[in-house]
Amino acid sequence: MARMKFLCDAERCIECNGCVTACKNENEVPWGVNRRRVVTINDGIVGAEKSISVACMHCSDAPCMAVCPVDCFYRTDEGVVLHDKDLCIGCGYCFYACPFGAPQFPQAGAFGMRGKMDKCTFCAGGPEKDLSEEEFAKYGSNRLAQGKLPACAEMCSTKALLGGDGDVIADIYRQRVFKRGKGSEVWGWGTAYGKPDRKKAQAGAKS
Amino acid sequence: MTPSRKLILAGAALLVAFGIAACGEREQVVVYKQGKYQGKPDTKPWENDPGASLYTSSKWNKGDKTSWESAVRTRNLAQNEYTRAE
């Protein structure tokens, strides 16, 4: 098995926030904490609006792990980045380091005290006894220990959000792209880092 | 060798030693060393009994990584609706 990864298909995402809701429900995430969010760019511009579901990307060289002063992060055999909440001091360094804004801090009390960090666990729980009440209370559901995949991906109505073994989801996505009549051009640098065609977007907005 | 000559030689050697010492360069940048996880150990997903949870539908042999991976792979492939529809 390769590494566990998420892949969001911007052509399919309809910004329904079903993944966000599924995550909240599955893990009983407290108010103010969003382990997953749907980000929309070019909102309202016809033909250029794209949405993408973002959470912890379980990086191969995770910056949160690098900056953590108490070394509370670890990576599982499946490539899932998890952390020990008993060690976390809630300093927020991981939040500043993460390019995706994945680490979340529950706020409680009149002064908005910063709690221990909370983030997407790829529905893999944490360092407590698997499927125990303690694990659920601290980290949420452990679906991997049940032979399941993250709730957000499995609940996605349009299957825009894929989650699981990186090789498998890449194959699924590749098949989709070929079905759409596209080929190798969609894998290039321009697709990943290029800017949208502004003229086309403006023409779309006028029509 | 006369004592004065010895003194000059010793002085020259000392001068060279001082001069070369300035050529040494220390690393100015802090090189980060990856820390080691300090927390509790975590159990592997395949070490759980498939029946440990009420709603487990996947089947694998407890402790067998390969069978757990194949169970997850089956679940993973279910995300491809092209194979489901055809």
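Residues numbered from 1 in each chain as written. Chains lettered and ligands numbered in written order. Predicted model: local features only at pLDDT ≥ 70, side-chain atom pairs only at ≥ 80, totals over all residues.

## Comments concerning the overall build of chain B
Looking only at helices and strands, chain B features three helices and zero strands. Beginning at the N terminus, the succession of helices and strands in chain B can be written as α-α-α. Computed over its C-alpha atoms, the radius of gyration of chain B comes to 35 Å, more than 25% above the 12 Å expected for a compact globule of 86 residues. A total of 86 residues make up chain B; the buried ones form 12% of that total. (Helix = DSSP H or I, 4+ residues; strand = E, 2+ residues; numbered from the N terminus. Rg over C-alpha atoms; globule rule 2.2 N^0.38 Å. Buried ≥ 20, exposed ≤ 12 C-beta atoms within 10 Å, placed from the backbone.)

## Structural notes on unusual backbone geometry
All names here are of chain A. Positive phi outside glycine occurs at Phe 122, with the angle close to 55°. As for its position among the elements, Phe 122 is in the loop between strand E7 (113-114) and helix H4 (133-139). Looking at Phe 122, the number of C-beta atoms within 10 Å reads 27, which means it is buried. The phi dihedral of Cys 123 falls on the positive side, at around 50°, and the residue is not glycine. Under the C-beta neighbour-count criterion, Cys 123 is labelled buried, with 28 such atoms within 10 Å.

## Examining the pairing of strand E3 (residues 50-54) of chain A
Residues and elements named next belong to chain A. Only one face of E3 is covered, namely the face carrying Ser 51 and Ser 53; the face carrying Lys 50, Ile 52 and Val 54 is uncovered. Direction of pairing for strand E2 (residues 37-41) relative to E3: antiparallel, over a ladder of five bridges. Each residue of the ladder has a partner; that of Thr 40, found in E3, is Ser 51. (Pairing = 2+ DSSP bridges.)

## Points about the interface of chain B and chain A
Contact with chain B, which involves 32 residues of that partner, is made by 32 residues of chain A. For the side of chain B that touches chain A, the secondary structure elements donating two or more residues are helix H2 (65-77) and helix H3 (81-85) of chain B. For the side of chain B that touches chain A, the element with the highest residue contribution is H2 of chain B, accounting for eight residues. Partitioning the side of chain B that touches chain A into residue classes produces 13 nonpolar, 11 polar and eight charged. (Contact = placed C-beta atoms within 7 Å. Nonpolar A, V, L, I, M, F, W, Y, C, P; charged D, E, K, R; others polar.)

## A short note on the confidence of the model for chain B
Low pLDDT marks regions whose predicted coordinates should not be analysed in detail. Residues with a pLDDT of 70 or more make up 92% of chain B, whose mean pLDDT is 84. Taken element by element, the predicted model of chain B shows its lowest mean pLDDT in H3 of chain B (80) and its highest in H2 of chain B (93). (pLDDT = per-residue confidence, 0-100.)

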